[in-house]
Amino acid sequence: MQFAELKELHSLPFFDLLKKARSVHEANWPENEVQLCTLLSIKTGGCSEDCSYCAQSARYTTGVDAERLMEKCDIMKRAEAARENGSTRFCMGAAWKGVRDGTKRFDEVLDIVRSVSELGMEVCTTLGELGEVEAKKLKEAGVTAYNHNIDTSPEHYENIVSTHTFQDRLNTVRHVQNAGMSVCCGGILGLGENVDDRLKMLEVISEFNPQPESVPINSLVPIPGTPMAESGGVDNFEVVRTIALARIAVPKAKVRLSAGRTRMGDEMQALCFFAGANSIFYGDKLLTTSNPQSEADLALMEKLGLRPQKPNPAQAAPKVDAERPLEPSYQ
Ligand code: SAM
Ligand code: DTB
Ligand code: SF4
């Protein structure tokens, strides 16, 4: 969806936008279900990149220490516990610039993925940059979806990160698509961006061909010690509007209400679900920061009449639309 159309939708009165988003949601997701995903940081901290919001960058003193890649047996225990708890997607994150074929750590990750993929959950990884070969190997090992966010608009990106470019992010997304994995790509609200930046981010994401299978919308969790520690945050209604726009622009995607839920009340989360969010991270920890308790999430879902979505580990990645061009590039 083009910027102009997104802008027009954004300028609608709040309830008119919500009504439109709700009808797109009901047409595509009639089941009143929410996907429960568990996140595990399999390699924490010490990252070479300077993403100005991130607790795990080695450039900032955030209290998060650099750790080694977790042992496979410990990861398996966490994955099994996530499945027991009702999660249908297990997402493993690593604080790396990227992975390279032929390295010991990449072989270790492939081995971990092979084992986790036997548990019958969707397997998602987020390991930073991938080339064609790495993407293909992850797909063969059993990864269903790869998370790689563009985080903000092409224009604002260089204010947020200097160690890699927006185009680097798009290249990885392309490699993931070419390998036949689903793309999980979204962003963060509250990085000092303006409304147009948010709309441009959604324009880029919705113009992916194929469109992403999931779109995480994170609200910044301000991390002391990072350049974004004092960032003003974002108005709750803007978060809801962004979710509504993501729902309209990428109708078949799971729109994931991601980081930032600990600061949201139940009513705010309910509005987000109404506007089109249908996935959450489930369990009391994200990567380095906290997330609501599972019991609280289940209680809220119960109140709202929402059920956990069933797993679909065999799902095929969305197909390229031959009628549309591939996404533009940003050099
Ligand atoms: N290193 C990999 C990468 O950059 O893609 C994977 C891990 S990285 C932590 C995954 C995503 O988490 C980021 O792209 C960003 O959207 C989100 N994230 C990281 N720190 C955050 C924070 N403080 N608040 C909200 N979202 C955050
Ligand atoms: C995504 O978009 N959000 C998740 C997941 N993908 C990897 C990460 C949120 C991280 C929040 C900050 C932290 O816990 O360090
Ligand atoms: Fe590293 Fe990813 Fe954090 Fe950037 S967002 S510093 S690449 S872990």
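Source: prediction; values computed, not measured. Residue numbers run consecutively from 1 along every chain, following the written order of its sequence. Each chain gets a letter, beginning with A, and each ligand a number, beginning with 1, in the order they are written. The predicted origin of the model limits local features to residues at a pLDDT of at least 70 and limits the giving and counting of side-chain atom pairs to 80 or more, whereas totals for whole chains, interfaces and linings rest on all residues. Hydrogen atoms and water are omitted, and side-chain values are computed over all heavy atoms in the structure.

A. The overall build of the protein chain, seen in detail. Each helix is a run of DSSP H or I of at least 4 residues and each strand a run of E of at least 2, with the numbering of both proceeding from the N terminus. Scanning the protein chain from terminus to terminus reveals eleven helices and ten strands. At 18 Å, the protein chain has a C-alpha radius of gyration in line with the 20 Å of a compact globule built from 331 residues. Oriented by its inertia axes, the alpha-carbon framework of the protein chain measures out at about 55 × 45 × 45 Å. A buried classification covers 57% of the 331 residues belonging to the protein chain. Relative to all contacts within the protein chain whose residues are 6 or more apart in sequence, the contacts with residues 24 or more apart total 78%. Radius of gyration: C-alpha atoms only; globule rule: 2.2 Å multiplied by the number of residues to the exponent 0.38. Only protein chains enter the accessibility calculation, which uses a 1.4 Å probe. A residue is then buried if its area is under 20% of the maximum for its type, exposed if over 50%, and partly exposed in between. The contact rule is simple, with two residues in contact once any of their heavy atoms fall within 4.5 Å.

B. Seen up close, the site of ligand 2. Throughout, near means a residue has at least one heavy atom within 4 Å of the molecule or strand. All residues in the neighbourhood of ligand 2 are listed as L39, T126, N147, N149, P216, N218, A259, F281, L286, L287, T288 and T289. Here an oxygen atom of ligand 2 sits 3.0 Å away from a polar atom, N or O, in the main chain of L287. Of the grid points, spaced at 1 Å and generated over the protein atoms alone, those admitting a 1.4 Å probe that cannot get out make up cavities, while open sets with protein on both sides within 12 Å along at least five of seven lines make up pockets; any residue with an atom within 4 Å of a point is treated as lining. A cavity or pocket is said to hold a molecule if more than half of that molecule's atoms lie within 2 Å of its grid points. In this structure the site holding ligand 2 corresponds to the largest cavity. Residues of the shell around ligand 2, tallied by class, amount to six nonpolar, six polar and no charged. Whenever a nitrogen or oxygen atom comes within 3.5 Å of another N or O atom, the pair is scored as a polar contact, on the condition that within protein one atom can donate a hydrogen and the other can accept it, and that pairs from neighbouring residues in sequence are kept only if both atoms are in side chains. Residues are sorted three ways: Asp, Glu, Lys and Arg are charged, Ala, Val, Leu, Ile, Met, Phe, Trp, Tyr, Cys and Pro are nonpolar, and all the rest, Gly among them, are polar.

C. Looking closely at the pattern of salt bridges. Between Lys or Arg on one side and Asp or Glu on the other, a salt bridge is scored when a side-chain nitrogen of the former is within 4 Å of a carboxyl oxygen of the latter. Scanning all chains against the criterion turns up 19 salt bridges. The closest approach of N and O atoms between E213 and R89, which form a salt bridge, is 2.8 Å. On the criterion of sequence distance, the pair formed by E213 in the loop between α8 (195-206) and β7 (214-219) and R89 in strand β2 (residues 89-94) is long-range, its members being 124 residues apart. Taking the relative accessible area as the measure of exposure, E213 reaches 6% and is therefore buried. Using a relative accessible area of 2% as the deciding quantity, one classes R89 as buried.

D. Main features of helix α3 (residues 72-84). Here the expected length of a helix is defined as 1.5 Å per residue gap, with one fewer gap than residues. Helix length check: α3, at 13 residues, gives a terminal C-alpha distance of 18 Å against a target of 18 Å (1.5 Å per residue), a fit within 8%. Among the residues of α3, those classed as buried are I75, M76, A79 and A82. For α3, the buried positions fall inside an angular range of 120° around the axis, keeping them on one side. In α3, the exposed positions that point more than 90 degrees away from the buried face belong to K77 and E84. The directions from the helix axis to the C-beta atoms form the arc being described.

E. Just the pairing of strand β3 (residues 122-126), in detail. For β3, the buried fraction is high: five of the five residues fall into the buried class. Of the two faces of β3, the one holding E122, C124 and T126 and the one holding V123 and T125 are both buried throughout. As defined by bridge partners, β2 adjoins β3 across five bridges and the pair is classed as parallel. From the neighbouring strand, M92 faces β3, where its bridge partner is T125. Being paired, for any two strands, means DSSP has found at least two bridges between them.

F. Summary view of the site of ligand 3. Lining the immediate surroundings of ligand 3 are C47, E49, C51, Y53, C54, S57 and A95. At a threshold of 2 Å from the grid points, most atoms of ligand 3 map onto the largest cavity. Taken together, the residues that form the shell around ligand 3 break down as five nonpolar, one polar and one charged.

G. Layout of the packing of aromatic side chains. Between 30 and 60 degrees the pair is tilted, below 30 it is stacked and above 60 it is edge-to-face, where a pair is any two Phe, Tyr or Trp rings, Trp via its six-membered ring, whose centres lie within 6.5 Å. Counted according to the given criterion, the structure contains three aromatic pairs. For the pair Y157 and F166, a centre-to-centre distance of 5.6 Å together with 70° between the ring planes defines the contact as edge-to-face. Each member of the pair, Y157 together with F166, is buried. Ring-over charges, as used throughout, are those where CZ of Arg or NZ of Lys falls within 6 Å of the ring centre and within 35 degrees of the ring normal. Positioned above the aromatic ring of F281 is the side chain of R256, whose terminal nitrogen or guanidinium carbon lies 5.6 Å from the ring centre.

H. Just the side chain of N278, in detail. By the secondary structure assignment, N278 is in the loop between α10 (266-275) and β9 (279-281). On the basis of relative accessibility, which here comes to 1%, the residue N278 falls in the buried class. Of note is the side chain of N278, whose polar atom sits 3.4 Å from the side chain of R247.

I. Up close: unusual backbone geometry. For the bond running from N209 to P210, omega is 0°, close enough to zero to count as cis. The backbone of N32 shows a phi angle near 55°, a positive value even though the residue is not glycine. By secondary structure assignment, the location of N32 is in the loop between α2 (14-28) and β1 (33-43). By relative accessible area, N32 is classed as partly exposed at 36%. Even without glycine at this site, D151 takes up a positive phi of about 70°.

J. The arrangement of empty space enclosed by the protein in detail. Grid points are joined across faces, edges and corners, and a volume is the space filled by probe spheres set on the points. Applying the stated criterion across every chain yields a total of two cavities of 30 Å³ or more. As a volume, the largest cavity reaches approximately 840 Å³. Residue lining of the largest cavity: 39 residues in total, with Y53, C54, Q56, N149 and L287 positioned closest to the centre. Counting only elements with at least two residues in the lining of the largest cavity, the list comes to β2, β3 and β7. Considered class by class, the residues forming the lining of the largest cavity number 21 nonpolar, 13 polar and five charged.

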